[in-house]
Amino acid sequence: MAFRSRREKLRSILSGTACVHPGSVYDAISIRIAEDLGFPLGMFGGSVASLAVLGDPDVTLITLTELAEQMRRMSRAAALPVLVDADHGYGNALNVRRTVQELETAGAAGLTIEDTLLPAAFGEAKAQLISLEEGVGKMKAALDGRGDPTLVIMGRTGAASITSIEDAIRRARAYEATGVDALFFTGIKSRAELESIVSATRLPIVLGGAPDELNAIDYLASQRVRIALQGHAPIAAATQAVYDVQKALREGTAPKALKGLPSAELTNRVTREAEVKARSADLLGLKK
């Protein structure tokens with residue numbers, strides 16, 4: 001399969017001994033920049049998907065079709081392996097199975113399925129979890145929907161910040177037993193909590209945000225953490241940059257006087273201009 005090498009790279013990260021930081025990606029340009037800078041992996045978060053596609057906050061309004069199409073655009077633009085935050089799988093266990101099929105076809109190297117109750121329940125301001133039994137069913141459905149055995153399926157739980165670390169461990173062990181490839185945790189608050197998870201589980205660990213005491217990458221590697229997210233600053237920075245330029249133009253700044261614009265060399269590199277020119281010469285008879 002065309003995408004198998006990307007998935008094998010992600011599996012190599014998970015089976016290794018180091019901990020890596022992925023680049024936050026959300027469109028064709030951002031994934032090319034992450035690839036050019038040497039990131040080993042891209043992370044396509046649900047929040048950035050909502051921002052990039054809808055311009056909405058992360059309240060589960062994006063659809064599976066929109067998520068998969070954005071992933072497909074990135075797969076076409078670059079060969080960087082991408083781990084996709086597939087949220088709750090867009091419904092029940094049968095929907096999870098369909099989610100896996102669509103993201104696999106779109107070129108994802110791996111994906112996470114979480115046990116948060118999404119969308120938020122009526123009248124409930126605080127995050128809630130689905131039952132352990134339903135969570136296990138979703139993990140089984142995700143594995144059943146996988147056509148390419150190299151596609152990475154991760155079981156994700158936010159129990160550490162919603163219920164307790166004990167519940168997070170209980171859920172992680174149950175998800176591990178279904179055969180998922182890795183465990184993804186959010187809400188881990190201390191080294192003690194991480195170490196209790198490590199002692200109770202066997203699979204590679206992914207951390208989605210953590211306090212300062214969990215930022216030492218060598219320590220994380222020693223605790224079987226293979227991927228540690230660093231948030232999604234790139235899209236935040238892009239938002240600020242667009243705002244600043246639009247504001248300056250609106251206030252009368254001449255285009256040539258604008259600050260912070262990319263060089264022609266950078267623009268040409270991320271748009272792969274040299275490759276396009278070579279194809280134009282070969283296929284359209286244009287001069288190089």
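Everything below is about the structure printed above this text.
No experiment lies behind these values; they were computed from the predicted model shown.

Thresholds applied
Residues numbered from 1 in each chain as written. Predicted model: local features only at pLDDT ≥ 70, side-chain atom pairs only at ≥ 80, totals over all residues. Heavy atoms only, no water. Phe/Tyr/Trp six-rings, centres within 6.5 Å; stacked < 30°, edge-to-face > 60°. Lys NZ or Arg CZ within 6 Å of the ring centre and 35° of its normal. Pairing = 2+ DSSP bridges. Helix = DSSP H or I, 4+ residues; strand = E, 2+ residues; numbered from the N terminus. Buried < 20%, exposed > 50% of the residue type's maximum accessible area, 1.4 Å probe, protein only. Contact = heavy atoms within 4.5 Å.

Bringing the packing of aromatic side chains into the picture now. A complete count under the given rule lists zero aromatic pairs for this structure. Sitting above the plane of the Y219 ring, R191 keeps its charged end 3.8 Å from the centroid.

On to the sheet that holds strand β6 (residues 182-185), then. Spatial strand order, β1-β2-β3-β4-β5-β6-β7-β8: eight strands in an open sheet with parallel pairing. Both outer strands of the open sheet, β1 (23-24) and β8 (225-228), are each paired with one neighbouring strand and no more. In this structure, β6 lies alongside strand β7 (residues 205-207), joined through three bridges in parallel fashion. For L183, the partnering residue across the bridge sits in β7 and is I205.

Let's shift gears to unusual backbone geometry. Here the residue pair L118 and P119 is connected by a cis peptide bond, since its omega of -10° sits within 30 degrees of zero. As for its position among the elements, P119 is in the loop between β4 (110-114) and α6 (132-145). Phi is positive for T60, close to 60°, though the residue is something other than glycine. Considering the arrangement of structural elements, one finds T60 in the loop between α3 (46-53) and α4 (64-77).

Considering the arrangement of structural elements, one finds R97 in helix α5 (residues 93-105). Residue classification places R97 among the partly exposed residues on the basis of a relative accessible area of 32%. Spatially, the C-alpha atoms of R97 and G38 are 32 Å apart, while their sequence positions differ by 59 residues. For R97, the contacting residues outside a window of four places in its chain are A141, D144 and G145.

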